[in-house]
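Examining the three-dimensional arrangement
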Amino acid sequence: MPIQYYIALASCLFCIGIVGVLVRRNAIIIFMCIELMLNAVNLLLVAFSKMYHGGAALSNATTTAGVDGQLFVFFIMVVAAAEVSVGLAVIVMMYRNVHSVDVNFLNRLKN
Amino acid sequence: MNAIILSAIWGVVLMFCSVLIKNKGVYRHIAALGLLVILAGNIHETYHGSFFNIDTHEMLRFSRFGLFFNTILLAATLLYVLLSGRDVEKAGGYVAEYFTLIFFVLCGASILTSFNTLLMLFIGIEILSIPLYILTGSDKRNLRSNEAALKYFLMGAFSTGILLMGIALVYGGTGSFMLEVPRSAIMGGYKGVSFLEVTGLLFLLVAMSFKVSAAPFHFWTPDVYDGAPSVFTSFMATIVKAAAFAAFLKLFEARVGDTSAAVDWKLLLSIIIVSTLLIGNVTAVFQQSVKRMLAYSSIAQAGFMLFAVFSLNDVAKEGLLLYATAYSLATIGVFAVLIKMKDVTFEGFNGLARKNPVLAATTTICLLSLAGIPLTAGFFAKFSMLSAVIKTGTYTWLVVVAVLFAAVSAYYYFRVIQAMYFKEGDAQTEEVTGGFKVLLIAVAALVILFGVQPQALLNWFYF
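Since the model is a prediction, treat every value here as computed from it, not as a measurement. (Residues numbered from 1 in each chain as written. Chains lettered and ligands numbered in written order. Predicted model: local features only at pLDDT ≥ 70, side-chain atom pairs only at ≥ 80, totals over all residues. Heavy atoms only, no water.)

Counting its secondary structure elements, chain B contains 18 helices and zero strands. Relative to a compact globule of 463 residues, whose C-alpha radius of gyration would be 23 Å, chain B shows 21 Å and is just as compact. With respect to the three principal axes, the spread of C-alpha positions in chain B is 70 × 55 × 45 Å. Looking at chain B residue by residue over its 463 residues, the buried ones come to 65%. Sequence separation of at least 24 residues holds for 82% of the intrachain contacts in chain B that already meet a minimum separation of 6. Approximately 15,700 Å² of chain B is accessible, and the part contributed by carbon and sulfur atoms is 68%. Charge-centre separation for chain B: the mean point of 30 positive side chains lies 3 Å from the mean point of 24 negative side chains. (Helix = DSSP H or I, 4+ residues; strand = E, 2+ residues; numbered from the N terminus. Rg over C-alpha atoms; globule rule 2.2 N^0.38 Å. Buried < 20%, exposed > 50% of the residue type's maximum accessible area, 1.4 Å probe, protein only. Contact = heavy atoms within 4.5 Å. Areas by Shrake-Rupley, 256 points an atom, 1.4 Å probe, with all protein chains shown as cover. Lys, Arg positive; Asp, Glu negative; His and termini not counted. Charge placed at Lys NZ, Arg CZ, Asp CG, Glu CD.)

Structural data, given as structure tokens:
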């Protein structure tokens, strides 16, 4: 499949993520939308990795070109997991105090 | 390399200390000792090479600039721990863990001063940010602290998503994560600047502006800085911000040259700079709380530091070193006093000069430095930033704008000085020890020393 399809799919997922972050008011759903953004990036990286590998493999069958893109995906997964653990802890802490995860509550600092 | 490894190790050591040592007063001494060790290790690496011989496959490159920047960050943190270490103990119940997190932040910061691939940029930014989300929310019973932590976390994670999209697109355009990709080495044989690379770099610009709180991506800053416990605000506003700027400068230094045919970076950055200066300075004027005023002023100072990214020449690099030093010193000094105040509004400072002349005098010197008054470090920092812009030969009108906004900034800094010296009042402070006063005087002396002799710092850099 041409790379354009992957780019289009990843951009759509990424945009859904961004719109979700901006529109939704529930902290957990915002968080899920951020994860969606990260996964769109993962998809894109794997697609590019395959593209570069395929291009280089035409001339050299044992090439490792494009492997770094897939490696990056693992790093993103690990870091996202670390971020989830901290983020959920923060959300739970918030919930304990106000019994809600609605971000509309976040207006005490305005004045 | 020394700074990265030693700060990670010392973070773990402090975690074990929290189990083994029950006396809370000891942790800050261990932290200060650790900072001394890391600082010594980093200075050793600057002149004689690292203790560790690890092949990083060019993923990290330790330049003189990065190592010297580390030295500044570590020295600023040492000063911060010495001045405000006692207050860290009051922020919450897990003192050793707070110091641990500070060390992990330093580990991330030293990756950011030496990264050579976009992978390391990403890892560095995350190691820097994740501990900060926890530190922001460390006051667990306080709703404001909770709210700041949640807001910071959501905004930080969002900007990380944008950063990653930028990195993925740059990879798509060039086929490599390396910071500098020779045009001839781009895979697929495409010699021009591809659409993917340009879009990716624009995403990176947005994400980095988020991290350094440049307008129009600054909106999280005042709330987070205001809600977080003051001790950690002090850390976030100085060391973390300086490290993010080092990364910003490094990234754009490597990439702007090749892509300037496709994007007018100077125009984009000048728009960001002017709006940052405008929003930061004008909003700071209307604040009632000194803490919130300092949050806006840190946005305004970020506008000045962005001149380094704008001009990208040798003067700009020197200027960023000077600015990071001057800004960190002065802000740590002001915050150290602010933490001791019972009331952080402008009225709370009324009559401080009569009650505690040392605190008032040192705060005045730090505020004058932030405003950029001659004979303080802030003056030469601002001066070298502006001369860097003039050296580029374009957009010289930015200098006029910057000077005008520096004049605006004098208004809100002087409001504090006016409250301390010329208003009647009963400023309530917590108990202040003699050692604290001596350290504050040392900070003020350094601010003046670098204001009279900025070369003292820069010569050391070139030596």
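Now that the structure is up, let's keep going.
Attention shifts here to the overall build of chain A. When you go through chain A residue by residue, the secondary structure sums to three helices and zero strands. Counted from the first residue to the last, chain A has its helices and strands arranged as α-α-α. For 111 residues, the compact-globule estimate of 2.2 N^0.38 gives 13 Å, and the C-alpha radius of gyration of chain A, at 19 Å, exceeds that figure by more than 25%. Oriented by its inertia axes, the alpha-carbon framework of chain A measures out at about 65 × 25 × 20 Å. When the 111 residues of chain A are sorted by exposure, 41% land in the buried category. For chain A, restricting intrachain contacts to residue pairs at least 6 apart in sequence, the fraction spanning at least 24 positions comes to 59%. Within the structure as shown, chain A displays about 6,000 Å² of accessible surface, and the carbon and sulfur contribution to it stands at 69%. Taking the average location of the 6 positive side-chain charges in chain A and that of its 4 negative ones, the two points are 11 Å from each other.

Bringing the interface of chain A and chain B into the picture now. Of the residues lining the interface, 42 residues belong to chain A; the matching set on chain B comes to 45 residues. Of the roughly 3,900 Å² buried where chain A meets chain B, counting both sides, 80% is carbon and sulfur surface. The interface formed by chain A and chain B holds zero salt bridges in total. Across the chain A-chain B interface, the total number found is five residue pairs in polar contact (both at pLDDT 80 or more). Of all the elements in the fold, those that place two or more residues in the side of chain A that touches chain B are α1 (3-23), α2 (27-57) and α3 (67-98) of chain A. With 16 residues, the top contributor of residues to the side of chain A that touches chain B is α3 of chain A. Its residues placed into classes, the side of chain A that touches chain B shows 32 nonpolar, six polar and four charged. (Buried area = accessible area lost by both parts, 1.4 Å probe. Salt bridge = Lys/Arg side-chain N within 4 Å of Asp/Glu carboxyl O. Polar contact = N/O pair within 3.5 Å; in protein donor to acceptor, adjacent residues only side chain to side chain. Nonpolar A, V, L, I, M, F, W, Y, C, P; charged D, E, K, R; others polar.)

This next bit is on the confidence of the model for chain B. Confidence along chain B averages 92 in pLDDT terms, with 98% of residues attaining 70 or more. Across the interfaces of the predicted complex, the ipTM metric reaches 0.95, alongside a pTM of 0.94. (pLDDT = per-residue confidence, 0-100.)

Glancing now at the packing of aromatic side chains. Two descriptors summarise a pair of aromatic rings, namely the distance from one centre to the other and the angle between the planes of the rings. As enumerated under the stated definition, the model contains 29 aromatic pairs over all chains in all. Taking the centre distance of 6.0 Å and the plane angle of 55 degrees together, the rings of Y395 of chain B and W397 of chain B count as tilted. Site record: aromatic cluster; members linked through ring pairs are F31 of chain A together with Y133, Y152, F153, W220 and Y225 of chain B. Of note, K266 of chain B hangs over the ring of F310 of chain B, and the distance from its end group to the ring centre comes to 5.1 Å. It is R415 of chain B that lies over the ring of F346 of chain B; its NZ or CZ is 3.9 Å from the centre. (Phe/Tyr/Trp six-rings, centres within 6.5 Å; stacked < 30°, edge-to-face > 60°. Lys NZ or Arg CZ within 6 Å of the ring centre and 35° of its normal.)

What follows concerns helix α2 (residues 27-48) of chain B. Relative to the 32 Å expected for 22 residues at 1.5 Å per residue, α2 of chain B spans 31 Å between its end C-alpha atoms, a close match to the ideal helical length. Just past α2 of chain B, the residue G49 of chain B takes up positive phi, approximately 95 degrees. (Expected span 1.5 Å × (residues − 1).)

Residues V67, L71, F74 and M77 of chain A make up a contiguous nonpolar surface patch of roughly 390 Å² in combined accessible area. The exposure class assigned to M77 of chain A is partly exposed, which follows from its relative accessible area of 47%. (Patch = residues over 30% accessible without salt bridge, like charges linked within 9 Å, V, L, I, M, F, W, Y side chains within 5 Å.)

This brings us to the packing of α1 of chain A against helix α6 (residues 143-174) of chain B. Packing of α1 of chain A against α6 of chain B leaves a shortest axis separation of 11 Å and a crossing angle of 160 degrees. Taken as axis vectors, α1 of chain A and α6 of chain B run roughly antiparallel relative to one another. Here α1 of chain A and α6 of chain B pass one another in a crossing that is left-handed. The segment α1 of chain A lies against α6 of chain B, with F14, I18 and V21 of chain A engaging F158, G161, I162 and M165 of chain B. (Axes fitted to C-alpha atoms, helices over the stretch in contact; angles between N-to-C directions. Parallel < 35°, antiparallel > 145°, perpendicular 65-115°, else oblique. Left-handed = near helix turned anticlockwise from the far one by under 90°.)

What follows covers the pattern of salt bridges. Residue and element names in this part refer to chain B. Counted by the stated rule, this structure contains 14 salt bridges over all chains. Taking the shortest distance from any N to any O, the salt bridge between D226 and R144 comes out at 3.4 Å. Here D226, found in helix α8 (residues 220-227), pairs with R144, found in helix α6; they are 82 residues apart in sequence, far enough to count as distant. Under the relative-accessibility criterion, R144 is labelled partly exposed at 31%. Between E424 and R354 there is a salt bridge, with the nearest N and O atoms lying 3.5 Å from each other. Residue E424 is found in the loop between α16 (397-422) and α17 (434-452), and its partner R354 is found in helix α13 (residues 352-355); the two are separated by 70 residues along the sequence. Taken individually, E424 and R354 each receive the classification exposed, so the pair is uniform in this respect. Through salt bridges with shared partners, a single ionic network connects R144, E147, K151, D223, D226 and R292.

Residues and elements named next belong to chain B. Inspection of every chain in the model, using the stated rule, returns five cavities of 30 Å³ or more. Broken down by secondary-structure element, the contributors of at least two residues to the lining of the largest cavity are α5 (118-136), α6, α7 (195-211), α8 and α9 (230-259). When its residues are assigned to classes, the lining of the largest cavity shows 11 nonpolar, three polar and two charged. (1 Å grid on protein atoms, 1.4 Å probe; cavity = no way out; pocket = protein on both sides within 12 Å on 5 of 7 lines; lining within 4 Å. Points joined across faces, edges and corners; volume = space filled by probe spheres on them.)

Right, let's get into the environment of L119 of chain B. Tracing the sequence through the fold places L119 of chain B in helix α5. With a relative accessible area of 8%, L119 of chain B lands in the buried category. Note: C-alpha distance between L119 of chain B and T363 of chain B (244 residues apart in sequence) is 41 Å. With near-sequence residues (within four places) excluded, L119 of chain B lies in contact with F72 and F75 of chain A together with M59 of chain B.

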